[in-house]
Amino acid sequence: MLKILKYSFFDLMRSRWSYVYFAFYLLLGVVLLFLNNDLSKAVITLMNVIIVLVPLIGTIFGVMYYYNSKEFTELLLAQPLKRSSIFLGQYLGVALSLSMSLILGLGIPFVFYGLFKSNAIWDFSLLLITGSFLTLIFTALAFNIALSNENKIKGFGYAILLWLFLAVIYDGLFLMTLILFEDYPLDKLSLIGTMLNPIDLSRTLILLKLDISALLGYTGAIFKQFFGTSFGLIVSFIMLIVWVVLPVLRIMFKSKRKDF
Amino acid sequence: MNFKLGFIATMFMVTSMYAQTIEVCKTCPVTTLKDGISAAKPYDTVVVKKGTYKEYNVLVDKPLTLIGENYPVIDGELKGEVITVVSDSVTVDGLFIINVGNSYTEDYAAIRVKRSKHFVIQNLVLEKLFFGIYIEKSSYGKVYHNKIIGDAVEEYNSGNGIQLWYSHYVDIEHNFVEHVRDGIYLEFSDNCIIKNNVSAENLRYGLHFMFSNDDVYQDNTFENNGAGVAVMFSKKIKMVNNTFKENWGTASYGLLLKEINDSEITGNSFKENTIGINIEGSNRITYKNNNFSNNGWAVKVKGACYTNRFIENNFLYNSFDISYNSKVNDNIFDRNYWSNYTGYDLDKDGIGDVPYRPVKLFSYIVNRTPETIILLRSLFIDIIDFSEKVSPVFTPDNLMDNNPQTKRITW
């Protein structure tokens with residue numbers, strides 16, 4: 001598995017897309033800092049970008065890589081190798097190279113700007129951690145979609161739909177539900193609703209750091225326990241890990257049965 | 001020589017006749033505060049030496065100066081009020097008063113000034129108290145440099161740090177109050193000046209006004225209280241250069257204004273409060289040169305607020321800048337700096353070319369269904385906020401800042 005991981009990783013490192021991705025984040029970081037002159041505000045803007053763009057790029061890239069390297073995968077399958085190690089290797093190769101582009105691309109300008117001397121460093125590292133988690137989650141979801149769909153166009157369509165659903169539509173439905181049932185106690189529902197969407201989950205994680213004073217404005221006891229203590233942070237991280245593990249398990253399961 | 005000595009002797013006699021000093025200590029002829037005070041004549045000085053004096057209901061009924069040396073401890077043994085001043089021109093200085101009695105029927109205080117004028121209460125340390133310094137129908141006094149540390153847990157059975165009731169022209173300066181119900185409380189007290197105090201960790205309010213007019217408070221710090229400052233049913237209050245920070249919680253405000261008219265709020269800084277200023281039924285107030293940074297809501301406007309002016313303030317990184325609960329707006333927002341402003345300034349005059357709308361649609365949704373706060377900063381919310389910004393339907397359409405500044409305002 002490690003060999004395949006290494007191969008995929010270096011293959012991607014050489015590819016143009018990784019550089020484009022890396023350059024994009026580098027540019028974003030530089031421009032944000034240049035325009036804002038303020039680390040904490042840049043972190044907020046960056047958060048908005050990360051929770052929208054990272055999942056999108058993860059999904060598209062994952063699907064693209066799978067379809068592109070399909071012939072090579074078939075070649076590998078002819079070798080005496082475990083199927084799960086082939087696909088997990090590829091998956092991790094993609095996810096890790098994307099996370100690396102993210103961390104380096106954003107990290108470098110911020111470090112040069114004096115991140116280590118600023119008190120925004122915790123917010124920023126949290127941002128990078130959630131960004132990496134989102135990459136892992138959405139690449140895994142993309143691999144799932146690609147594995148289940150032989151048709152490339154269909155695969156891409158589903159991938160984009162998945163992103164659109166989790167990034168925008170889900171929140172819309174969520175908001176409608178909350179407003180519709182506003183006469184009932186909703187704090188449990190709203191927390192569960194957040195847990196079920198990795199984008200919302202990472203958003204909440206960052207909100208815990210940035211908007212804690214607003215979040216404490218609501219009276220619910222469960223909210224208070226969730227946001228007022230480290231409980232929220234721990235639960236969110238556990239859920240993020242669950243969100244990585246489940247799709248990866250499905251990749252393994254699916255790849256074992258798939259007929260090539 | 002003889003003449004000189006005689007002169008000094010007569011001078012001494014004159015002065016000692018005029019103002020005598022009585023010393024109170026464990027080994028002195030006078031061993032208790034009460035005896036010291038009853039032995040003193042008007043305008044004498046009673047010096048209390050270091051030691052512990054278990055006394056309560058000490059009545060100061062003549063103009064005296066009561067001075068503690070090296071902070072003698074006056075222990076009320078939880079039996080009632082410790083010192084009561086009922087005479088004009090009394091100075092109390094340098095005492096350490098502990099164990100004030102607790103009562104549900106009477107407001108026992110560590111020191112109470114009753115119907116007096118020209119009093120000075122300074123350099124006291126009060127601990128384990130019910131009420132701290134209680135000024136009742138007294139005027140022209142000074143409460144200066146006291147430290148009050150309570151241990152209040154519940155609102156109903158705790159008292160206030162410094163309380164003024166029907167007292168006018170009192171200066172409250174350089175006091176430090178924490179862990180009581182209300183740090184400083186003014187009721188029916190006009191023309192008072194409250195300056196350079198620190199009021200922190202109090203159960204209810206750091207500073208509380210009720211029916212008190214023409215007061216000034218400036219350069220105070222209110223931190224981590226139930227709510228920073230509550231100004232209610234008062235007129236012509238000046239609030240200058242205060243700091244309100246970290247007042248967190250469900251009903252926590254930096255500043256709560258209720259039925260306040262014709263006041264002035266200038267140069268204050270509101271940091272990391274759940275709600276910076278909560279305004280209800282307040283008219284003709286000028287907000288100028290204030291800093292609102294990292295609050296949940298910088299300004300929350302409830303009903304019946306007319307002709308208020310928000311001018312040249314900085315709104316920095318608040319989750320919500322302004323929140324309204326109606327469609328009517330009669331307040332003016334002008335020349336403020338909004339960190340959320342996304343417009344441009346082509347003619348480079350420092351004023352944004354596009355007006356800024358500080359009220360987001362999402363703040364209405366949160367007002368209606370508070371749980372939706374969990375969707376803060378979501379892409380979907382940004383989209384509906386944007387569409388509302390383009391064509392206002394739910395938010396007051398005249399509520400905007402026509403001259404948003406592009407640079408942070410300094411003063």
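Residues numbered from 1 in each chain as written. Chains lettered and ligands numbered in written order. Predicted model: local features only at pLDDT ≥ 70, side-chain atom pairs only at ≥ 80, totals over all residues.

### Concerning the overall build of chain B
Step number 1: When helices and strands are tallied, chain B shows four helices and 39 strands.
Step number 2: Over its C-alpha atoms, taken along the principal directions, chain B stretches across nearly 95 × 50 × 30 Å.
Step number 3: Here chain B holds 411 residues, and the buried ones make up 45% of them.
Step number 4: Residue pairs at least 24 apart in sequence account for 45% of intrachain contacts in chain B once pairs closer than 6 positions are excluded. (Helix = DSSP H or I, 4+ residues; strand = E, 2+ residues; numbered from the N terminus. Buried ≥ 20, exposed ≤ 12 C-beta atoms within 10 Å, placed from the backbone. Contact = placed C-beta atoms within 7 Å.)

### Topic: the interface of chain A and chain B
Step number 1: Taken together, the contact pairs 29 residues of chain A with 29 residues of chain B.
Step number 2: Where the side of chain A that touches chain B is concerned, the elements lending two or more residues are α3 (39-68), α7 (152-180), α8 (187-195), α9 (198-210) and α10 (212-215) of chain A.
Step number 3: Element by element, the count of residues in the side of chain A that touches chain B is highest for α7 of chain A, at eight residues.
Step number 4: Grouping the constituent residues of the side of chain A that touches chain B by class yields 14 nonpolar, nine polar and six charged. (Nonpolar A, V, L, I, M, F, W, Y, C, P; charged D, E, K, R; others polar.)

### What to know about the environment of L178 of chain A
Step number 1: Within the secondary structure, L178 of chain A is located in helix α7.
Step number 2: For the pair formed by L178 of chain A and E71 of chain A, sequence separation is 107 residues and the distance between their alpha carbons is 47 Å.
Step number 3: Those residues in contact with L178 of chain A that lie beyond four places of it in its chain are L186 and S190 of chain A together with T369, E371 and T372 of chain B.

### Some remarks on the confidence of the model for chain A
Step number 1: Across chain A, the average pLDDT comes to 85, with 93% of residues at 70 or higher.
Step number 2: Looking over chain A, one finds the lowest element-wise mean pLDDT in α10 of chain A, namely 68, and the highest in α7 of chain A, namely 92. (pLDDT = per-residue confidence, 0-100.)

### Examining the sheet that holds strand β10 (residues 109-114) of chain B
Residue and element names in this part refer to chain B.
Step number 1: On the basis of which strands lie adjacent, the open sheet formed by twelve strands has the order β4-β7-β10-β13-β16-β19-β22-β25-β28-β31-β34-β37 and parallel pairing. Pairing within the sheet leaves two strands with one partner each, and these edge strands are β4 (58-60) and β37 (320-324). Strand-to-strand twist in this sheet, taken as the mean axis angle between neighbours without regard to direction, amounts to 10°. (Pairing = 2+ DSSP bridges. Axes fitted to C-alpha atoms, helices over the stretch in contact; angles between N-to-C directions.)

### Thoughts on the packing of helix α6 (residues 121-148) of chain A against α9 of chain A
Residue and element names in this part refer to chain A.
Step number 1: Across the interface, α6 lies against α9 with an axial gap of 10 Å and an inter-helix angle of 175°. Judged by the angle between their axes, α6 and α9 are roughly antiparallel. On α9, the residues that touch D123, L126, L127, T130, F133, L134 and I137 of α6 are P198, S202, L205, I206, K209 and L210.
Step number 2: A breakdown of the residues in the contact of α6 with α9 according to their chemical character gives nine nonpolar, two polar and two charged. (Parallel < 35°, antiparallel > 145°, perpendicular 65-115°, else oblique.)

### A short note on the pairing of β10 of chain B
All names here are of chain B.
Step number 1: Counted residue by residue, β10 has five buried out of six residues, so it is predominantly covered.
Step number 2: Across three bridges, strand β7 (residues 83-85) lies against β10 in parallel orientation. Looking at β10, one finds that V85 is bridged to V113.

### Thoughts on the pairing of strand β25 (residues 227-235) of chain B
Step number 1: Both strand β22 (residues 205-210) of chain B and β25 of chain B contribute to a ladder of five bridges, which runs parallel. From the neighbouring strand, Y205 of chain B faces β25 of chain B, where its bridge partner is A227 of chain B.

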